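Now for the letters of each chain:
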Amino acid sequence: MYLIATQHNKIDKTKIDSLYLDEWFIQYIDLLAKYELWNQRIEILKNCQTEFLRNQAQKAHSYTTMCASCRITIKPGTQICRECKKNAFLCSYCHLPVKRLYAWCHFCCHGGHLIHMMKWFKTNKKCPTGCGCACSPNYG
């Protein structure tokens, strides 16, 4: 790929090293994620040209889980928080462990069984834990 710049009616065509180009794309993709522009991010990743960026596209379909109690990252494949020793996937509605579909708020990290969250937010606007988060739009 080339970067083309003009200055004083003179064209400068500079070949860009693919490593720099990949790094630019990664920074832009991260910026899109920061601003929660998920659809734009996925569109860019779907049209990636290099192997490195295609590998990043695979990672884009994963997520990181946080403990709702102490807010540290939960190791993939585990359900117990290494810090507070609580089950990271307890339903905020029935207080039982969630083993299948888990719906959660991206802001306060609380959540629960999908069916329970849908039931709760039919009549409530705030998180069932009482934390005060208005997370109902995230379940809609």
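Residues numbered from 1 in each chain as written. Predicted model: local features only at pLDDT ≥ 70, side-chain atom pairs only at ≥ 80, totals over all residues. Heavy atoms only, no water.

Caption draft 1: Focus on the overall build of the protein. On a plain count of helices and strands, the protein comes out with four helices and six strands. Helices and strands in the protein line up, N terminus first, as β-β-α-α-α-β-β-β-β-α. Counting the 140 residues in the protein, one finds 29% classified as buried. Considering only intrachain contacts with a sequence separation of at least 6, the fraction spanning at least 24 residues in the protein is 22%. Accessible area for the protein stands at about 10,700 Å²; split by element, carbon and sulfur atoms hold 55% of it. (Helix = DSSP H or I, 4+ residues; strand = E, 2+ residues; numbered from the N terminus. Buried < 20%, exposed > 50% of the residue type's maximum accessible area, 1.4 Å probe, protein only. Contact = heavy atoms within 4.5 Å. Areas by Shrake-Rupley, 256 points an atom, 1.4 Å probe, with all protein chains shown as cover.)

Caption draft 2: Main features of the side chain of asparagine 87. In this fold, asparagine 87 is placed in the loop between β4 (73-74) and β5 (102-104). Here asparagine 87 falls in the buried class, since its relative accessible area comes to 18%. A polar atom in the side chain of asparagine 87 sits 2.7 Å from the backbone nitrogen of phenylalanine 89. Other than its neighbours up to four places away in sequence, asparagine 87 contacts Gln79, Ile80 and Pro97. (Polar contact = N/O pair within 3.5 Å; in protein donor to acceptor, adjacent residues only side chain to side chain.)

Caption draft 3: Representation of the packing of aromatic side chains in the model. For the structure shown, the criterion picks out three aromatic pairs. Ring centres of tyrosine 102 and tryptophan 104 lie 6.1 Å apart, and the angle between their planes is 20°; this geometry places the pair in the stacked category. One aromatic cluster is present, formed by Phe89, Tyr102 and Trp104 through successive ring pairs. (Phe/Tyr/Trp six-rings, centres within 6.5 Å; stacked < 30°, edge-to-face > 60°.)

Caption draft 4: Fine view of the environment of cysteine 94. Locating cysteine 94 in the fold gives a position in the loop between β4 and β5. Once you skip the residues sitting within four places of it in the chain, cysteine 94 turns out to touch His113 and His116.

Caption draft 5: Expanded view of the confidence of the model for the protein. Overall, the predicted model of the protein reaches an average pLDDT of 75, with 76% of residues at or above 70. Ranking the elements of the protein by mean pLDDT puts strand β1 (residues 2-7) last, at 51, and helix α4 (residues 114-123) first, at 90. (pLDDT = per-residue confidence, 0-100.)

Caption draft 6: Broad picture of the environment of phenylalanine 89. Mapped onto the elements of the fold, phenylalanine 89 is located in the loop between β4 and β5. The sequence separation of phenylalanine 89 and alanine 103 amounts to 14 residues, and the corresponding C-alpha distance is 9.6 Å. Setting aside chain neighbours within four positions, we find phenylalanine 89 in contact with Thr65, Thr78, Gln79, Leu96, Pro97, Val98 and Tyr102.

Caption draft 7: Broad picture of the side chain of histidine 110. On the secondary structure map, histidine 110 appears in the loop between β5 and β6 (111-113). Of the residues examined, histidine 110 reaches a relative accessible area of 16% and is grouped as buried. Polar side-chain contacts of histidine 110 include one of 3.3 Å to the side chain of threonine 129.

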